[in-house]
Every structure is written in structure tokens, then in C-alpha cells.
Amino acid sequence: MSEEMKADLDLDLKGLLCPMPMVKVSQNIASVPVGGTIRAVATDPGSMADIPAWAKSTGNEVISAEKVDGEFVFMVKRLK
Amino acid sequence: METQQMTTLAGVLDKKMNRQLKQYLDICARCAICKDACHQYVATQDFKYLPARRAELIRQIYKKYFTKTGEFVPALYEARDPDENLLDELYESAYACTGCRRCMYYCPFSIDTAWILSVAKAILIAAGKGNEMLGQLADAALFKSDNFEMFKDVIVDGFKDIELQVKELTGDPDAEIPVDKQGADILYVALAGAHSILPAAVIFHEAKASWTLSYFEAANYGYFFGDAVKARQIADRFMDEAKRLGVKEVVITECGHAYRVAEIFHEAWSGEKHSFKVRHILEVIDEYITDGRITVRPDAITEPVTYHDPCQVGRNGGIFEQPRNIVCALASDFRDMTPNREQQWCCGGGGGLVAISEMDEFRLKSGTIKAEQIKATGARIIASPCENCRLQMEGLNDSMELGIEVKAIMDLVLEAMPLAGSSAKVTPTD
Amino acid sequence: METFLYITAVYGVYLGIGVFVIGMAWRTYQWATTPKSPVRLGMFPKPKTGAARVLKMLKDTLIAPQSARIEPLMWAFAFAFHVAALGAFVGHGRLIHEFTPLVNWLGEDGMATFAAWSGGTAGILMLAAVVFWIARRTFGPFKQLSVPEDYLLLALLFGVIIMGDHMRFVGTIHAATYREWFQSLLVFKPEIPDDILRSTTGWSLGAHMLFTDLFLIYFPFSKLVHAIGAFSANLVRSE
């Protein structure tokens, strides 16, 4: 969160229970251009493993995954 | 499409062939008694959702490729090649099915349409037309276990966060969420979400159970996707863990399909008998209450409560009474839906549908019957031990303004347990 | 007429029964030798003992109580049809041997009356069910779901039943005469009695047998193999 990077899409995934945060990121990835990013905020700790695992297995990239004030903030880059 | 490719696709059917499937394909009389059993057909009146029609698409391939009469007189059976058109129809019919098997219940020959559709999905996957989202979720789950070292710390950190809440709720600074504990009695397999871990951890703590939490989630998108190999590998993650830790039983969280996969499918898939029991968490909680290992206040919930039998837990899993026992032990006004138990209507959220956004509108529409059933009880709280059911019923609650609260049974138990912790009112999903 | 009757009521019968018996045996053999799925496909609640399983299977197959609940009218016609068909099948046993104890009890006239009533009722019930099924398949989702096989079978059944009913209600030839013909088939010295050859009912018999032969020949290759398959499929329900 240090450097304010503007994402192509902001996803509010607060309150969603795993695996739904991963599902929502996956559903929305096609709506950003290749090279574009999604900033997703989730509250379920399971997402810290789920979203990176989804990104790796689908060939996308998690630029950052941080815990900020009990929330989990992800920057996900669409690579293909 | 090339003839060669169509023959290969038909070959998938041959590979999946077994006695039950062959009989289902041979004996269906197309009487269509199943039409009013399917919530999707009843809600949409769309032919492609009629159970016998869904199975008929596979039968058309079977007749053409695997029966002499169908080969010589295809017109008699409307036998077809698995061409693009048929595959498109198959996709719509197969991936929409929630696998509730209500049609099988009413069929005079007990034809398992969902089983036939599992072959449909295998054919679609072989043609590169499997549902993308479900495939991705299955791959993500396997990626996590194949590269476990990469995720282990993050997963354990997540557990530690939840552990703090367990300490707070139980008022016991030594309360813990044991992980990787050799020789524990129970391996508890939760979902990735904290909501499925916290209440169980508190209940196990209060019951002084010897337990350990699995690193892996019970959810199995390989099963919904229709890839039997991936489905098995996903379940293997915690089954191997159970073997390694030498537990007496694997306890599956409040999730429908994961329970059926673990209890009914896994032994058959792996060809190996489990050295442990597999139980649903509600069987365990019911036992704890009966044996007095945990106590619940009998009037903890005074608002009317109803219970939805998830298809994979009830009709397809055999757990009908334990959840009702639990709810009746803590709620003063329990009202069953009509029909219920083995005749219960599917809520519409199964089969992985909640993860497929293109199906959102259709899915909610298919839940009309369930919404009406819930309304008729006048209940304010609906409890159900399946994540997909709860997601669907929350969707129905919003779209049809039912004004209900959707809860897991464990949530209710937690509310009803006298706990020493200061913030016992905190509900786990907050 | 003689040639026609020899084709339908003699050679056709041998062929029909032969194809039916071998075909059904072959179909059953195929099922039996295809490996079972290791996955248990049963649903709950399940009977606990093996005997209870078999009882439930018989109840599900012979009475189909679940189907009765969801579509009572269809169930009623289907149930009536199957019971009547069984009754008609048993009644045709008179062609092999007269039901002597029954005749002794009812007397010759009593037996004729009983046969007329029971055979007539069965014939009407079966006809009603087939007409209902044909009507049901002409509209809505039932029409969309139907394939030519469904209509072919119904047409054959309609032919069998209507000609059978014609012989029962209009024909003047009695069971004893038909028995002569059928027993000649059993000893492989086929002969068609003059009474049949001289009567117009002979044509009814010929048509009845033509439809019956075709029905028997097609049976093992059709969905009607549920006559055997329904039992084992319903047993899977509680495995």
C-alpha cells in the first residue's frame, strides 16, 4: 500500500468467505486488459493463500499481498 | 468437427462405461416423470433442463457408437455424433445440473442422471470445453498442495489469527488450533474461510477433543468440474494427511459435496480402504451434546428456525436427524420445511454454480421454489450445513427479500454455548 | 389367408420368440459382464439388511411409490397397463393348457364368462393406457423428448392390443381352437385349424400375431429391456 498504484479495477471482497474472494478475482480478471491490474480487498485470511495460488496456476501475477489493519489487500496483474 | 475427433470423444464414454451407466442408458423409457422433480426445469420450463433430456444427449452418442441398432438405424433413436452442436447442448445441460439427484428419487428405475452427466463433463473436458472457472479453481487447489512450501507459512499465519479469537471466546489463554499434530483423534477438514474453522475450534476446545486442523480445504472444485483424477487428487491432500498423522477419524466441515466426496467417493476412487472413519462435523457435534461434552442453552434462540437439507448431506449423504437434533436442542421454535429430508427441494446453489457468474440469474431463478418453501415456514433463521446452499440462500434472501438470516449450524451452536470469554457475542463471520 | 397365417402365426412366432429369448439373454449377459462402478450410487435413507434391500427394490420396481406421488395420473395408467399386461400374459397360458382346476370350479360356462370379463378388462385397460401414452407424447415437453422408437413401440402395442381385443370382443373362435393351433407349434408340427382358416377372425389372428412378432423381435433392442434392467437399477438405489 506504500506506493499508490492506480488499479484498473477495484474489488471490494470484504465479508466474502473463502473461496469466494478467489472466485470473484477470477471472474473479473477478464474485464481488465492484459497487463492491467485488479486491487482487491478481502477480510478472510484464507484468501492470502487462495488468491496467490489461483494467480500462479492461471499464469497471472500477484504483485503484492499485504495485511493492512486486519484486511488483506492484493494487487493482481493480468498477464494473459 | 473431424470424424476422428468425434470418435475419440465417443471413446471417453466407452472408457467411463460401467454396468450402472449402461443400464441407465439402455432402460430409460423417456416417461419424463422426472420433469417435475427438477427445480431448474420447474422454475424455467426450459426443455434443456428436463433431467431425461440431459441424459438423452449422452444416450444419443451411446446409441450411435455402441449399439448396432443405433449404428444402422440412427433415426429411430435420434442417435447423433458428438459434434459442436451436441457439445454445446451438453455444456448447458451438464454444468447447470446441481447434482441433487431429486430426479433419481422419483424415477421408477432410479436412474442417476447426475452420474450420466459426470460422463458428459468428462466428454466436454476431453473436447476442451470444460467449464473454465471450475477448472481454474480445481487447478488453484492442486497448485497449493503441489507447491506447499510456498504457502505453508501464509496458511499457518491465517490459523494463528483465528487462534487469537478462539482464546478470546473461550477465555482460555492456552486454547489453540493444533496443526500437523501426530496421533490426534480427529483431523478436521475445514474450508479456506475462517468461518468454518473458528466455531469448530471452539467446540473442539470445549469438548476437550483431541484434534488437529488440516492444512487443506475440503472444497473440491475438481468434482464440480467433472475431472475424476483432479477430484481425487484434491481429496488426497487431506486423506494422505490423515494417514500420515494416524488419526482415528476425518471430520468434514459443514460442506455438502466435500462430505460426499470424502465419505462415499474417495475409497472407490483410490481403490483403498480408509484406515479411519469419515464423519460430518454435525454428527460429531450431535454426539458431543448427547454425551454432555458440550452444553447448549435450550432457549438460546427463540426466533423461528428452519433447516434446509443440503442434497449432498441428506439425500446423497444420509445425514437427516443430527442437524435437527442440534437445532432443536438450542432453539425453542423449530419448523421443518415441506417437503423435507429425502424429498427436499434443491436450493439451486450446488454443483459449483455459485462460482459461475454467467449462471447467477438462472441460479437465483431456479431457487424460487426454495424461497417459497422458506417463506411458508415463517422462519426468521435458516440453518444449513453446506456452504453452497448458504451462498445461494443468501442470494435468494437479497433478491426476493425474504428477511431471513442464513446460518451454519455451528454458528448457532456457538451462540448457544455458555462461553467464558468476554466477547462471546461476537459472531464468527463479523 | 393360409400363407399369411403361416408367416405370422407360425414362422413369425418361432422367429419372434427366438429373437426375444436370445436377445434378452444377450442383453442380460452384457450387463452382467460389464464391470460395476466401484462408486456406490445409492441414496438415503437406505435399508440396513440385504433382505430389506431386496424388498425395497421389489417395492420400487413393482409399485414405484415415488413416481405415484409426483405424477399420479401417469402412474395410474402405467400401473394399470403393467398389471393388465401380466394378466393377459397369464391368460394366454390357456393356449398351452386349459386351466383345469379353474374350469372344475367355475364350470365350462363360468370359465367362459370369467375369461371374457378378465380378458376383456385387461384388453381395455391396456388399450386405454396406450392411447393415453400416445396422447401424452403429442404435446409439450413429452413430444420434444420423444424419439421415433417411442412411437414405434406404441404403434406396435396398439396393433397387438386392438387386434387382440377384436378377437376377444368380435371374434367367434373359442380358446380350444386357438389351443389346437398353439399346441401344434409347441410340438413343432404346425397346423392351423380349419375353423380359423374358414373364419374372418383368422385375419384378426394374423394381424395380432404380426404385431406381436414384430414387438417381440424389437423388444431386446429397445428401451423395453427395462423389464429386466429396472430390477437391478432399483437395487443400485440402496447400495
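Before reading further, recall that the structure is shown in the block above.
Source: prediction; values computed, not measured. (Residues numbered from 1 in each chain as written. Chains lettered and ligands numbered in written order. Predicted model: local features only at pLDDT ≥ 70, side-chain atom pairs only at ≥ 80, totals over all residues. Heavy atoms only, no water.)

Caption draft 1: Expanded view of the state of the cysteines. All names here are of chain B. In this structure the tally under the stated criterion is zero disulfides over all chains. You can see Cys-28 has no disulfide; the closest cysteine sulfur is in Cys-31, sitting 6.7 Å from it. For Cys-28, a relative accessible area of 11% gives the class buried. (Disulfide = S-S within 2.5 Å. Buried < 20%, exposed > 50% of the residue type's maximum accessible area, 1.4 Å probe, protein only.)

Caption draft 2: Representation of the interface of chain A and chain B within the structure. At the interface, 22 residues of chain A touch 27 residues of chain B. For the pairing of chain A and chain B, the buried interface totals around 1900 Å² over both sides, and the portion due to carbon and sulfur atoms is 70%. Our enumeration of links across chain A and chain B arrives at two salt bridges. Measuring nitrogen to oxygen at the nearest pair gives 2.8 Å for the salt bridge that ties Lys-67 of chain A to Asp-161 of chain B. Mapped by element, the contributors of at least two residues to the side of chain A that touches chain B are helix H1 (20-28) and helix H2 (47-58) of chain A. When residues in the side of chain A that touches chain B are grouped by element, the largest group, nine residues, is from H2 of chain A. When the residues that make up the side of chain A that touches chain B are grouped by side-chain class, the tally is 13 nonpolar, five polar and four charged. (Contact = heavy atoms within 4.5 Å. Buried area = accessible area lost by both parts, 1.4 Å probe. Salt bridge = Lys/Arg side-chain N within 4 Å of Asp/Glu carboxyl O. Helix = DSSP H or I, 4+ residues; strand = E, 2+ residues; numbered from the N terminus. Nonpolar A, V, L, I, M, F, W, Y, C, P; charged D, E, K, R; others polar.)

Caption draft 3: Layout of the pairing of strand S4 (residues 277-280) of chain B. Residue and element names in this part refer to chain B. With four bridges connecting them, strand S3 (residues 249-252) and S4 associate as parallel partners. Its bridge partner lying in S4, Glu-249 is registered against Lys-277. Viewed along the sheet, the connection from S3 through helix H15 (residues 256-270) into S4 turns out right-handed. (Pairing = 2+ DSSP bridges. Right-handed = clockwise from strand over helix to strand, strands pointing away.)

Caption draft 4: How the structure looks around the layout of surface pockets. Residue and element names in this part refer to chain B. The space that makes up the second largest pocket amounts to roughly 690 Å³. Lining the second largest pocket are 34 residues, with Trp-115, Ser-118, Tyr-223, Ala-228 and Trp-269 sitting closest to its centre. Elements supplying a minimum of two residues to the lining of the second largest pocket: helix H9 (113-126), helix H13 (221-225), helix H14 (228-245) and H15. With seven residues, the top contributor of residues to the lining of the second largest pocket is H9. A per-class count over the lining of the second largest pocket returns 17 nonpolar, nine polar and eight charged. For the lining of the second largest pocket, the domains that each give at least three residues are domain 1 (3-130) and domain 2 (135-290). (1 Å grid on protein atoms, 1.4 Å probe; cavity = no way out; pocket = protein on both sides within 12 Å on 5 of 7 lines; lining within 4 Å. Points joined across faces, edges and corners; volume = space filled by probe spheres on them. Domains from an automatic or database assignment.)

Caption draft 5: Structural detail: the sheet that holds strand S3 (residues 61-68) of chain A. All names here are of chain A. The strand order S1-S2-S4-S3 describes an open sheet built from four strands, whose pairing is mixed. The strands lining the two open edges of the sheet, one partner per strand, are strand S1 (9-13) and S3. Taking each pair of neighbouring strands and ignoring which way they run, the sheet shows an average axis angle of 15°. Strand direction decides the pairing type here: S3 and strand S4 (residues 71-77), joined by seven bridges, are antiparallel. (Axes fitted to C-alpha atoms, helices over the stretch in contact; angles between N-to-C directions.)

Caption draft 6: Geometry of the side chain of Ser-214 of chain B. Residues and elements named next belong to chain B. Relative to the elements of secondary structure, Ser-214 occurs in the loop between strand S2 (211-213) and H13. Of note is the side chain of Ser-214, whose polar atom sits 2.9 Å from the backbone nitrogen of Phe-216. In this structure the side chain of Ser-214 is engaged in a polar contact, spanning 2.6 Å, whose partner is the side chain of Glu-241. (Polar contact = N/O pair within 3.5 Å; in protein donor to acceptor, adjacent residues only side chain to side chain.)

Caption draft 7: Fine view of the environment of Val-154 of chain B. If you trace the backbone, Val-154 of chain B turns up in helix H11 (residues 148-170). Look past the residues within four positions of Val-154 of chain B in its chain and what remains in contact with it is Met-48 and Ala-49 of chain A.

Caption draft 8: Broad picture of the sheet that holds S2 of chain B. Residues and elements named next belong to chain B. The four strands lie next to each other as S2-S1-S3-S4, forming an open sheet whose pairing is parallel. Each edge of the open sheet carries a strand with a single partner, namely S2 and S4. Strand-to-strand, the axes of this sheet are offset by a mean angle of 25°, without reference to chain direction. Strand direction decides the pairing type here: strand S1 (residues 186-189) and S3, joined by four bridges, are parallel.

Caption draft 9: Focus on a nonpolar patch on the surface. Residues and elements named next belong to chain C. A cluster of nonpolar side chains, namely Val-54, Leu-55, Leu-58, Leu-62, Ile-63, Phe-79 and Val-83, defines an oily patch on the protein surface of about 600 Å² accessible area. When residues of the nonpolar patch are traced back to their parent elements, those giving at least two are helix H2 (50-62) and helix H4 (72-91). At four residues, the largest contribution of residues to the nonpolar patch is made by H2. As for its position among the elements, Val-54 is in helix H2. Owing to a relative accessible area of 38%, Val-54 belongs among the partly exposed residues under this scheme. (Patch = residues over 30% accessible without salt bridge, like charges linked within 9 Å, V, L, I, M, F, W, Y side chains within 5 Å. Areas by Shrake-Rupley, 256 points an atom, 1.4 Å probe, with all protein chains shown as cover.)

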